[in-house]
Amino acid sequence: MALPSHIPVAVKLFPHLVECAKAGRRTTYDEMGKACGLETRMFSRPLAFIRDWVCAEHNLPPLAVLVERKGTVAAANRFDPVKCADMSSADYAALEKEMIQKVYDYPSWDRALS
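Residues numbered from 1 in each chain as written. Predicted model: local features only at pLDDT ≥ 70, side-chain atom pairs only at ≥ 80, totals over all residues. Heavy atoms only, no water.

Turning our eyes to something else, we now look at the overall build of the chain. Looking only at helices and strands, one finds 6 helices and 2 strands in the chain. Taken from N to C terminus, the helices and strands of the chain fall in the order α-β-α-α-β-α-α-α. Residue burial in the chain is summarised as follows: out of 114 residues, 38% are buried. Taken as a whole, the chain presents about 7,000 Å² of accessible surface, with 53% of it coming from carbon and sulfur. (Helix = DSSP H or I, 4+ residues; strand = E, 2+ residues; numbered from the N terminus. Buried < 20%, exposed > 50% of the residue type's maximum accessible area, 1.4 Å probe, protein only. Areas by Shrake-Rupley, 256 points an atom, 1.4 Å probe, with all protein chains shown as cover.)

What follows is the structure in structure tokens.
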């Protein structure tokens, strides 16, 4: 049985996001596309999979927060859509900053890759 198409893409994106976390920097759709050799239009579902299944199930900080998006941030593409749905812009920005720092500070990214 074949995997849903977003899962192999998530498997390719995950190491790039971990490397960004370890380097203490953010990334963009374009940069992820170049790093993984994939079309950027295919990243929404894989990032949601990383957010909702990989990070949540393994108690990892929310790697999806490292992705800088063009345009406005919609509830669906936030790093925690349920928690952030009713937040003001200022509260969301403060939480985003805190979560980015959590991702940068996480000491076991190498272990997460294995």
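Two numbers describe how helix α1 (residues 6-23) lies on helix α2 (residues 29-36): the axes approach to 10 Å, and their chain directions differ by 120°. By the angle class used here, α1 and α2 are oblique. Crossing geometry of α1 relative to α2 is assigned as right-handed. Between α1 and α2, the residues in contact are K12, L13, H16, L17 and C20 and E31, M32, A35 and C36, respectively. Of the residues in the contact of α1 with α2, the class split is 6 nonpolar, 1 polar and 2 charged. (Axes fitted to C-alpha atoms, helices over the stretch in contact; angles between N-to-C directions. Parallel < 35°, antiparallel > 145°, perpendicular 65-115°, else oblique. Left-handed = near helix turned anticlockwise from the far one by under 90°. Contact = heavy atoms within 4.5 Å. Nonpolar A, V, L, I, M, F, W, Y, C, P; charged D, E, K, R; others polar.)

On to the environment of L47. Structurally, L47 can be placed in helix α3 (residues 44-57). Along the sequence, L47 and A64 sit 17 residues apart, while their C-alpha atoms lie 6.3 Å from each other. In this view, L47 contacts L13, L17, Y29, M32, A64, V67 and R69; residues no more than four positions away in its chain are not counted.

With 28 residues, the main nonpolar core has L13, M32, F43, L47, I50, L63 and L66 as its most contacted residues. Residue assignment for this core shows that the elements contributing at least two residues are α1, α2, α3 and α5 (89-105). Ranked by residue count, the leading element in this core is α1, at 8 residues. Those residues in contact with L63, other than ones at most four positions away along the chain, are F14, L17, V18, A21, I50, C55, V103 and W109. (Core = buried A, V, L, I, M, F, W, Y, C linked by side-chain atoms within 4.5 Å.)

Quick look at the packing of aromatic side chains now. For any pair of aromatic rings, the description rests on two quantities: the centre-to-centre distance and the angle between the ring planes. Within the structure shown, the criterion is met by 2 aromatic pairs. Arranged with centres 5.7 Å apart and planes meeting at 50°, the rings of Y29 and F43 form a pair that is tilted. One end of the pair, Y29, is in helix α2; the other, F43, is in the loop between α2 and α3, with 14 residues separating them in the sequence. (Phe/Tyr/Trp six-rings, centres within 6.5 Å; stacked < 30°, edge-to-face > 60°.)

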